[in-house]
Amino acid sequence: MSYDTINILHLEQFKSKIELLETRLERNVLIIELKFYKQQILCPICGSAHIRFLEYKYKKIIHSISTHEKSVIRWHMRRYQCKLCKKTFSESNPLSRLK
Ligand SMILES: [Zn+2]
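Our subject in this report is the structure included herewith.

### A look at the overall build of the protein chain
- The number of helices and strands found in the protein chain is one helix and five strands.
- For the protein chain, the proportion of its 99 residues judged to be buried stands at 10%.
- Within the protein chain, contacts between residues at least 6 apart in sequence are counted, and of these 50% link residues at least 24 apart.

### Considerations on the pairing of strand β3 (residues 51-62)
- By the criterion of burial, β3 is predominantly exposed, with just zero of the 12 residues buried.
- As paired strands, β3 and strand β4 (residues 70-82) are joined by 11 bridges and run antiparallel to one another. Residue pairing across strands places I61 opposite I73, the latter belonging to β4.

### Observations regarding the environment of C46
- Relative to the assigned elements, C46 resides in the loop between β2 (29-36) and β3.
- Classification of C46 by C-beta neighbours within 10 Å gives exposed; the count is 12.
- Sequence separation between C46 and K86 is 40 residues, and the spatial gap between their C-alpha atoms is 9.9 Å.
- Leave out the neighbours within four places in its chain, and C46 touches C82, L84 and C85.

### Re the environment of M77
- Counting through the fold element by element, M77 comes out in strand β4.
- Separated by 14 residues in the primary sequence, M77 and E91 place their C-alpha atoms 6.6 Å from one another.
- Beyond its immediate stretch of four places on either side in the chain, M77 contacts Y56, K57, K59, S90 and E91.

### Section: unusual backbone geometry
- With phi around 50°, R27 is a residue other than glycine that occupies positive phi space.
- Tracing the backbone through its elements, the reader meets R27 in the loop between β1 (18-26) and β2.
- One non-glycine residue with positive phi stands out, namely N28, at about 65°.
- Along the chain, N28 turns up in the loop between β1 and β2.

About the thresholds
- Residues numbered from 1 in each chain as written.
- Predicted model: local features only at pLDDT ≥ 70, side-chain atom pairs only at ≥ 80, totals over all residues.
- Helix = DSSP H or I, 4+ residues; strand = E, 2+ residues; numbered from the N terminus.
- Buried ≥ 20, exposed ≤ 12 C-beta atoms within 10 Å, placed from the backbone.
- Contact = placed C-beta atoms within 7 Å.
- Pairing = 2+ DSSP bridges.

See below:
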């Protein structure tokens, strides 16, 4: 993980939560692969702690580093299923507090 990238993206406050941070250029757009560490999570419907990991979804978060360079964060969002009530849900996005 590059500390510079964290600084550029102003993610310092999330540094301890970031599991993966990789950048690459695709047609002049900076693509940032971002994954956070797994959090302790409870079923939002029934409150059960018996949660099964399902899959990753890739959510795009538009993030402007500067006016000259476009960048997109591809957030690896975990999907879970509750073993008790069978409902599926996603982990919360720590970056949503930035908006
Ligand atoms: Zn549940």
